[in-house]
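Coordinates in review
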2 protein chains.
Amino acid sequence: MAKLRIAMLAPISWRVPPRHYGPWEWVTSLLTEGLVARGVDVTLFATGDSETAAKLRAVCPHPYSEDPKLDPKVWECLHISEVFEHADEFDLIHNHFDFLPLSYSRLVRTPLLTTIHGFSSPKILPVYRKYNHHAHYVAISNADRNPDLDYIATIYHGIPIADYPFCDDPDDYLLFLGRIHPDKGTHEAIKVAQHAGMPLVIAGIVQDKKYFQEQVAPYVNGVQIRYIGPVGMPEKGRLLGHARALLHMINFDEPFGLSVVEAMAAGTPVIAIDRGSMSELIRDGETGFLVANSEDAVESMRGIDGIDRRKCRTWVEKHFTQARMVEDYLKVYKMIMKEEGKHG
Amino acid sequence: MAKLRIAMLAPISWRVPPRHYGPWEWVTSLLTEGLVARGVDVTLFATGDSETAAKLRAVCPHPYSEDPKLDPKVWECLHISEVFEHADEFDLIHNHFDFLPLSYSRLVRTPLLTTIHGFSSPKILPVYRKYNHHAHYVAISNADRNPDLDYIATIYHGIPIADYPFCDDPDDYLLFLGRIHPDKGTHEAIKVAQHAGMPLVIAGIVQDKKYFQEQVAPYVNGVQIRYIGPVGMPEKGRLLGHARALLHMINFDEPFGLSVVEAMAAGTPVIAIDRGSMSELIRDGETGFLVANSEDAVESMRGIDGIDRRKCRTWVEKHFTQARMVEDYLKVYKMIMKEEGKHG
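Residues numbered from 1 in each chain as written. Chains lettered and ligands numbered in written order. Predicted model: local features only at pLDDT ≥ 70, side-chain atom pairs only at ≥ 80, totals over all residues. Heavy atoms only, no water.

1. Details of the interface of chain A and chain B
Contacts between the two partners involve 26 residues from chain A, matched on the other side by 26 residues from chain B. Buried surface at the junction of chain A and chain B, summed over both partners, amounts to about 2,300 Å²; 67% is from carbon and sulfur atoms. Joining chain A to chain B, the criterion identifies 8 salt bridges. Between Lys130 of chain B and Glu85 of chain A there is a salt bridge whose closest N-O contact spans 3.0 Å. Between chain A and chain B we count 16 residue pairs in polar contact (both at pLDDT 80 or more) in total. (Contact = heavy atoms within 4.5 Å. Buried area = accessible area lost by both parts, 1.4 Å probe. Salt bridge = Lys/Arg side-chain N within 4 Å of Asp/Glu carboxyl O. Polar contact = N/O pair within 3.5 Å; in protein donor to acceptor, adjacent residues only side chain to side chain.)

The following block contains the structure:
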């Protein structure tokens, strides 16, 4: 089989890889670099300031979330149309850009694979339903599968585990890592830390300013509750590895939790509300605890030292590495090529 | 030449024709019905509740501006992709839906004509620039032509003039007709009426609630200043015809002013701020007055009885009828067919 030519369509809200926040862009980057390392011919369609070992093709100079002069709708359609106008140069277009690219897909011959990174609202389902029998969908967890849609596979995200130093001798703090937003339960993490009588470090961008000011900032005192803003590698790796536990008190059905996997990679167990994909990411009692509410989370803290931190690491090595993710996508690419060969 | 098959792509913010507000949808309707009456084979892509003598093709059941359950971005892309997925059934796609359809146009063989109904922001220009040499653009006034773009023609909007009864014996009130928004100068119209010592009737939807509450409502007293909400035909025709003058104190470079043409059709002169397309729509001193500011507008009121109302009507009959608009578009369609024939 000739070398596979993949057009990788990234979002343009952030750079690839993102400077701070940007999980979709991050996963796109991890997959792209992993594929290039495996010898796949990847062209990355992303912002002009993106960094990649693949061929970079950009129409949008930099992320629209970093420049109010860029109208998102304008640059989205210019970015997406660029891929489809060059569709015949590729064997497959792999879309990480939500639903809009689907609406161009019937106008070209190149097959389209879409990783559904989550449904921002049930209002977007009509597009996924329309293209259900035309496009190919990958779910990022079984929990995120919508019963109306057909999926070619569930592929969990994977991280570059070598970047995460394993730590068997944690310090005495709990960690919140993620955007500051009610969905992510920053406030609940504070309550749990207070009741458990342990320090909490909060790291991440403030996505909801009002929530931060009213529900988070009043508790931040620089001692028991600290807020340190967004953190990148290698600081993030140290911060994760030295935590006693990651508190993941989500208030929504999270389709995947990258920080959950990152914590376990560093040896840190996760206490998470049992919603969305959490039961697929965490082995209850072995790599953390799945809990129903804040009271249960406080209660579970008693068992935290019973968790074997090495097991957390092993669990991620087995199921959530970048290498495994790349393998899984390659399999799906080959399935689609085979299927297209039949029809074509 | 075989019967021309036109796909008419309407916006879906409102029904075609709109119930109240919706100038783009209204013009699309006037053109569609005029073409059908001339024997053209038109398929109207619009909301499902639209009314037309053309073939109606709808994916969006009703206007998204009337239903918060409909995500505009979702239904826009489903609506637009529907046209392009059936492009080979048409000789021409005529787009009234702003810039997004342009980004699909290179993926099909059918030529695309876009009537640019105005630029909401200079931020949208990159899309028009990219497709400048691929798509065909119609300007709705010379004032609205952007120097970076090439246009196949300027085609002024036209109205069904028979629906507007001519009135040579107006009552003693001034009229504001349009959406209540700072751009439209509702507040300035009130000031002019007060200084001229004449009653003012305000008709239109409230588009900017804060502006209405702070700059309009405090002056509404039901006697000298009256607000009557949106009006449709035939009430609108009577209201226009019986006004002494229409006050069009715009604060932006308006690309076209349908109410300006409607007023003159009914015999009513227009006092307008000389911005945007106004000098193309109004003959200064003959069908109204082009003024620089509110003081000049008050001053110009002295000459209003010197305007021959019959001349206002004749001016519209000559330049701004639906029939003339239909003719102009047919000419453009034929130009494009001829050009495509050369290339094809």
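2. Section: the packing of aromatic side chains
The geometry of two aromatic rings is summed up by the distance between their centres and the angle between their planes. Across all of its chains, the model carries 25 aromatic pairs over all chains by this definition. Ring geometry for Tyr128 of chain A versus Tyr137 of chain A: centroids 5.5 Å apart, planes at 75°, classification edge-to-face. The class of Tyr137 of chain A is buried, set by a relative accessible area of 0%. By way of ring pairs, the aromatic residues Phe84 and Tyr104 of chain A together with Phe84 and Tyr104 of chain B are connected into one cluster. The ring of Trp26 of chain B carries the charged tip of Lys236 of chain B above its face, separated from the ring centre by 4.6 Å. (Phe/Tyr/Trp six-rings, centres within 6.5 Å; stacked < 30°, edge-to-face > 60°. Buried < 20%, exposed > 50% of the residue type's maximum accessible area, 1.4 Å probe, protein only. Lys NZ or Arg CZ within 6 Å of the ring centre and 35° of its normal.)

3. Regarding the sheet that holds strand β4 (residues 92-95) of chain B
All names here are of chain B. Spatially, the 7 strands line up as an open sheet ordered β3-β2-β1-β4-β5-β6-β7, and their pairing is parallel. Each edge of the open sheet is held by one strand with a lone partner, namely β3 (55-57) and β7 (153-154). When strand β1 (residues 5-9) meets β4, the two strands line up parallel, connected through 4 bridges. Following the sheet pairing, Ile6 is matched in β4 by Leu92. Relative to strand β2 (residues 41-45), helix α1 (residues 23-37) is tilted by about 155°, and along the sheet it contacts β1, β2 and β4. (Pairing = 2+ DSSP bridges. Helix = DSSP H or I, 4+ residues; strand = E, 2+ residues; numbered from the N terminus. Axes fitted to C-alpha atoms, helices over the stretch in contact; angles between N-to-C directions.)

4. Considerations on the relation of the copies chain A and chain B
Mapping chain A onto chain B is achieved by rotating through 180° and translating by 0.0 Å along the same axis, at an RMSD of 0.0 Å. Between the two chains, the operation in question is that of a two-fold axis. When C-alpha positions in chain A are compared against the rotation axis, the closest is assigned to Leu107 of chain A, at 2.9 Å. When the interface residues of chain A are mapped onto chain B, 100% of them are again interface residues, pointing to one common binding face. (Least-squares fit on C-alpha atoms with pLDDT ≥ 70 in both.)

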